[in-house]
Amino acid sequence: MPALKRILLKLSGEALMGDDAFGINRATIVRMVQEIREVTELGVEVAVVIGGGNIFRGVAGGSVGMDRATADYMGMLATVMNSLALADTMRQEGITARVMSAIGIEQVVEPYVRPKALQYLEEGKVVVFAAGTGNPFFTTDTAAALRGAEIGAEIVLKATKVDGVYTADPKKDPNATRYARITFDEAITKNLQVLDATAFALCRDQKLPIRVFSILKPGSLKRVVMGEDEGTLVHV
């Protein structure tokens, strides 16, 4: 039996690149979707927030000197593109997904409406939240914390390239050790960059735990929902 019933999965746009410089790596997105399918087959309700770095990085040079709000809106549109790619890959893998956008582009995806999102989750559909919070100056980490709180997720799962939170950068310090569990207050005191400050504060205030784990490890998402010791749990 899974230890979790409803999760909010935060994927970075960069995670979709695989070994490519930017864009979406087909084999990588298929493997991620298969990981998601594994947990939906256990009856876990899954919502996803995805970043846009893999696409926006490709045009970032042109954004130098650009107004911050304009650049952020470009980033939001990049997340819509990623969300569409993710949902279509899910369709091909036999998963029913719905993309809901925080900014209005009804010809492409439906708008985010909380009761509708809850209905989809209860029906066993995967809900992909696109366009961040719909506001500039807020990251997709903050969107993950916000949507996670709104839908009553039990946890925010931050999928990264590193298998948890470490005492130091494991690439630079061979003696760095992984925290199995750490409190929000300890993470603040030690200045550990788990999520951005706004997202982190929101999760702490809402008593919404965060688990940081590596999406690159096969079966890691399933191990997380089964309650195994995977990654790092940040809790109240």
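Below is a summary of the structure that appears in this document. Predicted, not measured: the structure shown is a model, and the values here were computed from it.

Broken down by element type, the protein carries 8 helices and 9 strands. Taking 18 Å as the expected radius of gyration for a compact globule of 236 residues, we find that the protein reaches 17 Å, a close match to that expectation. For the protein, the spread of C-alpha atoms along the principal axes amounts to about 50 × 50 × 35 Å. Sequence separation of at least 24 residues holds for 72% of the intrachain contacts in the protein that already meet a minimum separation of 6. By element, 52% of the accessible surface of the protein is carried by carbon and sulfur atoms, the whole surface being about 10900 Å². Side-chain charges in the protein split into 27 positive and 28 negative, and the spacing between the mean points of these groups amounts to 1 Å.

When you line up the elements, Glu93 lands in the loop between helix 3 (68–92) and strand 3 (97–101). Reaching out from Glu93, the side chain makes a polar contact with the side chain of Arg37 at a distance of 3.0 Å. Apart from the residues within four sequence positions on either side, Glu93 is in contact with Val30, Val33, Gln34 and Arg37.

The subject of this paragraph is the side chain of Glu35. Its place among the elements puts Glu35 in helix 1 (residues 26–40). As a buried residue without a salt bridge, Glu35 has its nearest oppositely charged side chain in Arg31, at a separation of 4.3 Å. The residues touching Glu35, leaving out its near neighbours within four places in the chain, are Lys217, Pro218, Gly219, Ser220 and Leu221.

Now for helix 3. For helix 3, with 25 residues, the first-to-last C-alpha span of 37 Å sits near the 36 Å given by 1.5 Å per residue. The residue sitting at the N-terminus of helix 3 and contributing the capping side-chain oxygen is Asp67; that oxygen lies 3.2 Å from the backbone nitrogen of Ala69. Following helix 3 by one or two positions, Gly94 adopts a phi angle in the positive range, close to 85 degrees.

It is worth spelling out the packing of helix 1 against helix 3 at this point. For the pair helix 1 and helix 3, interaxial distance at closest approach is 9 Å and the crossing angle is 65 degrees. Judged on the interaxial angle alone, helix 3 and helix 1 are roughly perpendicular. At the point where helix 1 passes helix 3, the crossing takes the right-handed sense. Facing Arg26, Ile29, Val30, Val33 and Ile36 of helix 1, the residues of helix 3 in contact are Ala85, Leu86, Thr89, Met90 and Gln92.

With 5 of 5 residues buried, strand 8 (residues 210–214) lies mostly within the body of the structure. Residue alternation in strand 8 divides its side chains into two sets, Ile210, Val212 and Ser214 and Arg211 and Phe213, and both sets are buried. Pairing of strand 6 (residues 155–160) with strand 8, which is carried by 5 bridges, proceeds in the parallel orientation. Bridge pairing links Thr160 to Ser214 in strand 8. Of the pairings in the sheet, the one linking strand 8 to strand 9 (residues 232–235) comprises 3 bridges and is antiparallel in character. Directly across from Ile210, in strand 9, lies its bridge partner Val234.

Okay, the sheet that holds strand 5 (residues 126–130) next. Pairing between the strands of a sheet is mediated by backbone hydrogen bonds and can be parallel or antiparallel. Strand order in the open sheet formed by 9 strands is 4-3-5-2-1-6-8-9-7, with mixed pairing between adjacent strands. Only two strands of the sheet have a single partner each, and these edge strands are strand 4 (110–111) and strand 7 (181–183). The pairing of strand 3 with strand 5 spans 5 bridges and is parallel. Each residue of the ladder has a partner; that of Val99, found in strand 5, is Val128. Against the sheet, helix 3 contacts strand 1 (6–11), strand 2 (45–50), strand 3 and strand 5, and its axis sits at roughly 165 degrees relative to strand 5.

Rules used throughout
Residues numbered from 1 in each chain as written. Predicted model: local features only at pLDDT ≥ 70, side-chain atom pairs only at ≥ 80, totals over all residues. Heavy atoms only, no water. Helix = DSSP H or I, 4+ residues; strand = E, 2+ residues; numbered from the N terminus. Rg over C-alpha atoms; globule rule 2.2 N^0.38 Å. Contact = heavy atoms within 4.5 Å. Areas by Shrake-Rupley, 256 points an atom, 1.4 Å probe, with all protein chains shown as cover. Lys, Arg positive; Asp, Glu negative; His and termini not counted. Charge placed at Lys NZ, Arg CZ, Asp CG, Glu CD. Polar contact = N/O pair within 3.5 Å; in protein donor to acceptor, adjacent residues only side chain to side chain. Buried < 20%, exposed > 50% of the residue type's maximum accessible area, 1.4 Å probe, protein only. Salt bridge = Lys/Arg side-chain N within 4 Å of Asp/Glu carboxyl O. Expected span 1.5 Å × (residues − 1). Axes fitted to C-alpha atoms, helices over the stretch in contact; angles between N-to-C directions. Parallel < 35°, antiparallel > 145°, perpendicular 65-115°, else oblique. Left-handed = near helix turned anticlockwise from the far one by under 90°. Pairing = 2+ DSSP bridges.

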